[in-house]
Number of protein chains: 2
Amino acid sequence: MNYSKMFIPTLREVPADAVIASHRLMFRAGLLRKLANGLFAYLPLGLRSFRKVEQIVREEMNAIGALEAKPPVIQPGELWKESGRWDAMGESLLRVKNRLDSDFVVTPTAEEAFTALVRDELSSYRQLPLTLYQINTKYRDEIRPRYGVMRGREFTMKDAYSYHTNDTCLDEMYQAMGRAYRRIFKRCGLSVIPVKADSGAMGGSGSEEFMVESEIGDNTLILCKKHNEGLCDYAANVEKATCAADFTAQTSIEDAKAAAAKTPAFEKIDTPNVKTIEELCAFLKTEPKTFIKTLIYRASNVELDLSSAPGCEKLERKKPSLDAPPVYAEAFFAVAIRGDLDVNEVKLAAVLKASEAALAVETDVVRLTGAPVGFAGPVGLKTLPLVIDTSVTAMFDSVTGALEKDLHYRHVAYGRDFEAWMIEDIRTVKAGDRCSLCGGELYVKMGNELGHIFKLGYKYTRSMNVSYLDENGKNQIPTMGCYGIGVDRTMASVIEEHHDEAGIIWPASITPYHVIIIPIKYDGKVKEAADKLMEELTSAGIESLLDDRNERPGVKFNDADLLGIPWRIVIGDKNITQERPQVEIKYRREKENRMIDLDKTAAEITLKIREEIALLNS
Amino acid sequence: MNYSKMFIPTLREVPADAVIASHRLMFRAGLLRKLANGLFAYLPLGLRSFRKVEQIVREEMNAIGALEAKPPVIQPGELWKESGRWDAMGESLLRVKNRLDSDFVVTPTAEEAFTALVRDELSSYRQLPLTLYQINTKYRDEIRPRYGVMRGREFTMKDAYSYHTNDTCLDEMYQAMGRAYRRIFKRCGLSVIPVKADSGAMGGSGSEEFMVESEIGDNTLILCKKHNEGLCDYAANVEKATCAADFTAQTSIEDAKAAAAKTPAFEKIDTPNVKTIEELCAFLKTEPKTFIKTLIYRASNVELDLSSAPGCEKLERKKPSLDAPPVYAEAFFAVAIRGDLDVNEVKLAAVLKASEAALAVETDVVRLTGAPVGFAGPVGLKTLPLVIDTSVTAMFDSVTGALEKDLHYRHVAYGRDFEAWMIEDIRTVKAGDRCSLCGGELYVKMGNELGHIFKLGYKYTRSMNVSYLDENGKNQIPTMGCYGIGVDRTMASVIEEHHDEAGIIWPASITPYHVIIIPIKYDGKVKEAADKLMEELTSAGIESLLDDRNERPGVKFNDADLLGIPWRIVIGDKNITQERPQVEIKYRREKENRMIDLDKTAAEITLKIREEIALLNS
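Residues numbered from 1 in each chain as written. Chains lettered and ligands numbered in written order. Predicted model: local features only at pLDDT ≥ 70, side-chain atom pairs only at ≥ 80, totals over all residues. Heavy atoms only, no water.

Novice: An account of the sheet that holds strand E29 (residues 544-546) of chain B is requested, with residue identities and associated values reported.
Specialist: All names here are of chain B. Spatially, the 5 strands line up as an open sheet ordered E29-E28-E30-E31-E32, and their pairing is mixed. Strand pairing shows two members of the sheet lacking a second neighbour, E29 and strand E32 (593-597), which therefore form its edges. Sheet twist, expressed as the average angle between the axes of neighbouring strands with direction ignored, equals 25°. Pairing of strand E31 (residues 582-587) with E32 involves 5 bridges; the strand directions are antiparallel. By the bridge assignment for E32, glutamine 582 is matched with aspartate 597. Relative to the sheet, helix H15 (residues 553-563) contacts strand E28 (515-519), E29 and strand E30 (567-571), its axis offset from that of E28 by approximately 175°. (Pairing = 2+ DSSP bridges. Helix = DSSP H or I, 4+ residues; strand = E, 2+ residues; numbered from the N terminus. Axes fitted to C-alpha atoms, helices over the stretch in contact; angles between N-to-C directions. Contact = heavy atoms within 4.5 Å.)

Novice: An account of the nonpolar core is needed here, citing residue identities and associated values.
Specialist: Formed by 93 residues in total, the largest nonpolar core has its most connected members in B:Met26, B:Leu31, B:Met61, B:Tyr181, B:Phe185, B:Tyr483 and B:Leu545. Considering each element in turn, this core owes the most residues, 9 residues, to helix H6 (residues 167-187) of chain B. Not counting residues within four places of it along the chain, the set of residues in contact with B:Leu545 comprises B:Met1, B:Asn2, B:Tyr3, B:Met6, B:Ile8, B:Tyr513, B:Val515, B:Ile516, B:Ile517, B:Leu563 and B:Ile565. Judged by nonpolar contacts, the second largest core, of 92 residues, contains A:Met6, A:Leu170, A:Cys188 and A:Leu562. (Core = buried A, V, L, I, M, F, W, Y, C linked by side-chain atoms within 4.5 Å. Buried < 20%, exposed > 50% of the residue type's maximum accessible area, 1.4 Å probe, protein only.)

Novice: Please set out the relation of the copies chain A and chain B residue by residue, giving values where relevant.
Specialist: Between chain A and chain B, the superposition needs a rotation of 180° and an axial shift of 0.0 Å, giving an RMSD of 0.2 Å. The superposition of one copy onto the other is thereby described by a two-fold rotation axis. Residue A:Val96, judged by its C-alpha, is the member of chain A lying nearest the rotation axis, at 2.8 Å. A shared binding surface is used by both copies, with 100% of the interface residues of chain A retained as interface residues in chain B. (Least-squares fit on C-alpha atoms with pLDDT ≥ 70 in both.)

Novice: Any details on the sheet that holds strand E13 (residues 267-270) of chain A? Residues and values, ideally.
Specialist: All names here are of chain A. Strand order in the open sheet formed by 3 strands is E13-E19-E18, and the pairing between neighbours is antiparallel. Each end of this open sheet is capped by a strand with a single partner; those strands are E13 and strand E18 (398-401). Looking at each pair of strands side by side, their axes are set apart by 35° on average, direction ignored. Relative to strand E19 (residues 407-412), E13 runs antiparallel, the two being bridged by 4 bridges.

Novice: Kindly report on the packing of helix H2 (residues 44-63) of chain B against helix H13 (residues 487-497) of chain B, identifying the contributing residues and their values.
Specialist: Residues and elements named next belong to chain B. The interhelical angle for the contact between H2 and H13, taken along N-to-C directions, is 115°, at an axis separation of 10 Å. Of the possible angle classes, the one that applies to H2 and H13 is roughly perpendicular. For H2 against H13, the interelement crossing comes out right-handed. On the side of H2, the interface is formed by Gly46, Ser49, Phe50, Val53 and Glu54, while H13 contributes Val487, Asp488, Thr490 and Met491. (Parallel < 35°, antiparallel > 145°, perpendicular 65-115°, else oblique. Left-handed = near helix turned anticlockwise from the far one by under 90°.)

Novice: Summarise helix H14 (residues 524-539) of chain B; cite the residues concerned and give the values.
Specialist: All names here are of chain B. Counted at 1.5 Å a residue, the expected span for H14 with its 16 residues is 22 Å, and the 23 Å between its end C-alpha atoms agrees. Val526, Ala529, Ala530, Leu533, Met534 and Leu537 are the residues of H14 that are buried. Across the axial projection of H14, the buried residues extend over an arc of 135°, all falling on one side. Facing away from the buried side of H14 by more than 90 degrees, the exposed set consists of Lys525, Glu528, Glu535 and Ser539. On the buried face of H14, the contacting elements are E28, E29, E30, helix H16 (573-577) and helix H17 (598-617). The positive-phi residue at the C-terminal boundary of H14 is glycine 541, with phi of around 85°. (Expected span 1.5 Å × (residues − 1). Arc of directions from axis to C-beta.)

Novice: Give a description of the interface of chain A and chain B that names residues and reports values.
Specialist: Taken together, the 54 residues of chain A in the interface contact 54 residues of chain B. Between chain A and chain B, roughly 4700 Å² of surface is buried when both sides are summed, and carbon and sulfur atoms account for 66% of that area. It is A:Leu35, A:Lys70 and A:Arg99 that lose the most area in chain A upon contact with chain B, and together they represent 18% of the buried surface on that side. Notably, a salt bridge pairs B:Arg33 with A:Glu121, separated by 2.5 Å at the nearest N-O pair. Across the chain A-chain B interface, the total number found is 12 residue pairs in polar contact (both at pLDDT 80 or more). A breakdown of the residues in the side of chain A that touches chain B according to their chemical character gives 33 nonpolar, 6 polar and 15 charged. (Buried area = accessible area lost by both parts, 1.4 Å probe. Salt bridge = Lys/Arg side-chain N within 4 Å of Asp/Glu carboxyl O. Polar contact = N/O pair within 3.5 Å; in protein donor to acceptor, adjacent residues only side chain to side chain. Nonpolar A, V, L, I, M, F, W, Y, C, P; charged D, E, K, R; others polar.)

Novice: Can you tell me about the side chain of A:Ser398, naming the residues and giving the values?
Specialist: Looking at the secondary structure, you find A:Ser398 in strand E18. Here A:Ser398 is in contact with A:Thr290, A:Ile292, A:Tyr409, A:Arg410, A:His411 and A:Val412, once residues within four sequence places are set aside.

Novice: Quick one: what's the story with the packing of aromatic side chains, residue by residue and with numbers?
Specialist: All names here are of chain B. Counted according to the given criterion, the structure contains 20 aromatic pairs over all chains. Ring centres 4.6 Å apart and planes at 45° place the aromatic pair tyrosine 42 and phenylalanine 50 in the tilted group. Judged by its relative accessible area of 0%, phenylalanine 50 is buried. Look at tyrosine 181 and phenylalanine 185: their rings are 6.3 Å apart centre to centre, the planes differ by 85°, and that puts the pair in the edge-to-face class. (Phe/Tyr/Trp six-rings, centres within 6.5 Å; stacked < 30°, edge-to-face > 60°.)

As structure tokens, this is what we get:
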């Protein structure tokens with residue numbers, strides 16, 4: 001392709017709202033333009049890379065037996081009401097009414113559409129497993145789109161859905177997807193961090209996120225320092241991260257019990273006008289870690305059986321739909337944790353099998369504890385189920401609220417002065433905590449999610465009434481997995497990882513062109529050599545851009561660097577007209593260029609590009 | 001691909017709403033499923049063909065220098081307000097409000113988006129011509145979607161937009177697109193009828209539609225019978241069709257004038273209670289063709305200069321926008337035509353340069369003619385501009401309304417008794433009329449539009465303020481063309497043209513698989529031969545489906561016919577275990593099969609498929 005025939009509107013200025021490299025460079029290199037907030041148009045050059053990312057995803061999906069389909073982008077609201085997501089999705093779901101006043105959605109994911117398709121066609125276990133996918137337009141009505149395509153409103157996602165007769169079979173596809181995802185990112189030249197993640201609003205259990213490090217990432221990742229050395233593979237989203245117990249005062253729970261036995265009997269103390277832990281520590285001249293912090297939480301849609309839990313005798317348990325398990329719409333819990341730690345509400349909700357857990361409002365706290373906010377404590381608490389973090393099991397001689405205004409207890413010991421209704425790991429892990437796998441130090445990074453694989457289980461197949469006949473002719477519900485990759489985000493992340501001050505540095509696998517040929521002046525012998533090289537490269541399957549513009553060499557070199565095309569061939573008048581015609585070649589990642597005989601150039605470049613692609617694919 | 005690993009839910013029953021072959025067969029062969037009215041999901045087999053059609057379109061677009069881009073599917077309403085289509089498009093435009101109450105559309109075409117893109121990047125004439133296209137999701141809120149993807153709500157369209165400094169350059173791209181379209185349809189194995197069409201609501205002049213014949217087509221086509229013999233290429237949409245003059249009473253206009261001179265002086269006659277032409281003919285014992293039918297039309301947004309037209313002295317002419325030409329918001333015309341003919345309102349609107357022409361309401365007719373409906377006539381008419389069809393110029397000794405209740409004139413002759421303000425061809429052509437090119441007989445067919453190419457001119461570039469600097473540094477507005485092809489419709493039309501009672505008969509270029517291999521029993525030597533053939537064909541680039549199902553041969557044969565895969569290879573135990581192993585091959589279009597040596601099969605089939613594709617591409 002001749003440069004003058006392409007549409008590559010490069011920019012010297014950076015758009016004002018472009019704060020990250022990929023956003024800046026996608027605009028500057030003429031890959032992308034903005035049509036409205038969060039809505040972008042890929043220009044011809046950008047689309048070439050975009051399609052290559054899509055194709056890599058497609059090849060890896062096909063390789064594990066997933067079948068490509070194409071449901072509509074606009075989908076009937078009815079299906080979303082069936083699954084329950086019409087109400088659950090909130091405002092990020094773009095809803096449309098058509099001329100007949102029917103409800104539609106501009107689809108953000110397609111669990112409903114694929115499950116409806118499968119429901120209609122599935123009759124026998126012989127048809128399973130079945131994995132379908134699409135690479136298609138999606139929409140999420142982001143309230144504040146930014147960072148270019150990294151957080152846009154319309155985007156392209158590969159989403160796959162698998163259906164199985166049993167968990168083992170689901171796990172096989174889940175593992176195959178995990179391997180396919182690793183291959184996809186590797187082929188794109190991307191370093192990803194696979195992390196165990198909470199599956200959040202998607203429901204179900206068992207999921208893994210594929211993250212890239214990013215200063216503007218919207219996920220907090222907890223990583224083990226030994227991860228970097230390849231010694232430990234611990235990586236988790238903070239929402240689900242665990243860490244090694246840090247029973248600093250004791251070496252074990254047994255020690256803690258012994259210590260508790262030796263602790264003086266607990267006693268009430270006056271703590272006038274003391275409200276925060278900091279004030280209490282100052283008042284008692286102690287440290288937060290000696291304090292048992294007790295918070296009152298309100299949980300929604302609790303699946304856990306509370307029939308024998310304190311204070312829950314009168315709670316009503318209802319089935320939200322015929323096939324769904326019964327839940328308590330609302331339940332309150334006292335949650336105790338060591339004073340220097342924080343409760344992780346996602347982990348808390350998970351152990352309570354609740355859709356959400358949030359701090360109770362003041363009136364509920366007063367009603368349930370009989371004291372103002374700030375004086376809750378586990379001792380003598382009878383109105384609520386007490387959930388304690390494992391950190392509390394090692395506490396003796398502790399301070400805690402006395403369930404009365406301006407009063408605390410001291411010399412409190414777990415197991416002697418109070419018992420828990422439930423003991424779980426519900427702490428928020430932070431930098432400096434120890435890795436639960438290897439004991440290494442944990443640190444924090446911000447990350448962006450590029451892909452996500454889930455075991456959804458029966459969430460959709462149950463609510464949407466999917467069934468098949470098993471070997472014995474008995475009706476069964478299939479179990480399900482879902483698997484997504486953001487195509488735009490993947491492409492932008494490649495630029496984030498591969499660029500310098502001058503521009504993009506494309507990996508050979510997804511570069512818009514492999515080679516840029518720059519004739520210093522597109523004329524005479526130079527033009528002849530450029531055209532011949534173009535022809536040789538093209539017939540070898542190497543995609544080349546010939547900069548035939550009447551521009552100064554400096555402009556052409558700068559554009560070549562900005563565009564990030566891996567190989568640059570410069571053809572100058574002097575070198576091409578000498579007895580042994582030569583050209584200058586340069587690899588975008590390197591500073592140095594070198595001269596090479598014209599007649600060896602195409603073969604050499606072809607070899608180099610094939611080698612790089614082979615390495616990425618290996 | 002093994003059949004058992006694909007997802008091909010064939011159906012014996014036909015969906016109740018499927019009245020055309022493509023709709024029936026796309027469902028029966030497991031290519032497509034319905035998600036909601038007018039919203040379809042392509043299943044894996046269907047998507048394979050769909051992608052091949054897309055790829056043919058892409059290749060032909062790239063070959064003429066069009067550049068692929070990808071604007072969003074959801075587009076800001078602002079752009080549509082700028083172009084004026086927000087109001088003009090009516091209810092078929094699907095509008096969305098997002099969570100911030102901003103207006104968006106689910107785009108049916110993308111003139112606005114591409115023109116906005118070009119506007120922002122265009123500065124110099126050196127950047128032109130520029131042709132961009134996309135192959136992307138579109139939405140049209142059909143009130144009554146039907147015939148499967150032939151008239152769905154969501155569909156995929158290739159739409160291209162070109163920008164030029166002058167009409168010659170626009171015409172070059174327009175012609176290149178026309179050739180590309182012919183190639184696209186030929187490569188898909190489709191017979192299309194290119195017809196000159198009115199560009200209707202799209203604005204601009206110069207357009208061609210690519211039609212396929214269809215009993216359920218929504219276009220009426222006028223074709224010359226000599227078209228079929230390759231002798232004449234006349235084909236037109238009835239909205240724009242012309243025909244040869246049929247001055248049956250005379251041989252020429254000169255004859256008509258002479259005849260007029262010999263006609264007795266016109267006189268008023270009583271025609272009590274006579275309202276229709278039929279009643280008048282019965283009353284006067286004459287034929288409709290002796291009657292000058294005169295109708296009053298109301299035209300909107302008339303660009304024509306009416307400053308010297310009768311009755312228009314007080315009409316106000318206004319510019320709807322700064323750069324747009326001035327128009328009369330409303331104007332009335334008397335339109336006269338031979339009594340056996342009908343006025344074509346689209347042709348009338350075109351000659352008046354109006355956005356629309358429709359029969360005036362009764363009160364306007366009475367006000368403007370001074371008589372009830374049914375008594376308008378050209379003689380003595382002073383309150384309205386008189387537009388006559390060319391047929392009237394040959395009329396003498398005619399009957400016409402006398403502008404008074406229950407009165408007509410007879411012995412009326414054009415040129416003697418009245419003059420026209422404008423003479424144009426505004427008749428509706430019908431079967432039996434004569435071809436204006438060759439005099440052959442015209443006939444009528446119903447057709448479906450697959451593609452459409454337009455010269456849009458300045459409609460969008462002017463309303464959206466696009467400009468560039470010409471060679472002299474002067475600001476200029478570019479002229480524009482637009483070009484669309486429906487991908488789904490093209491695919492469905494191929495099935496319409498290529499099927500029999502047993503199923504689809506795919507052309508090799510867009511078949512989901514080239515070959516289906518049917519082992520009678522997938523076991524032992526038969527399995528060995530099937531696997532080997534599969535491998536040989538695959539490595540030759542031939543896409544094959546191996547029917548490894550444990551089904552009766554009859555079921556497999558029926559499915560193979562239904563799926564429409566061009567070549568079928570049947571491997572039976574007896575033939576494969578004989579000394580010289582043989583298989584049976586059959587071309588889907590032919591009844592006969594033949595035996596062939598196993599070791600020659602792959603080469604033979606590969607050759608046949610390559611030949612067929614080469615022929616389609618030639």
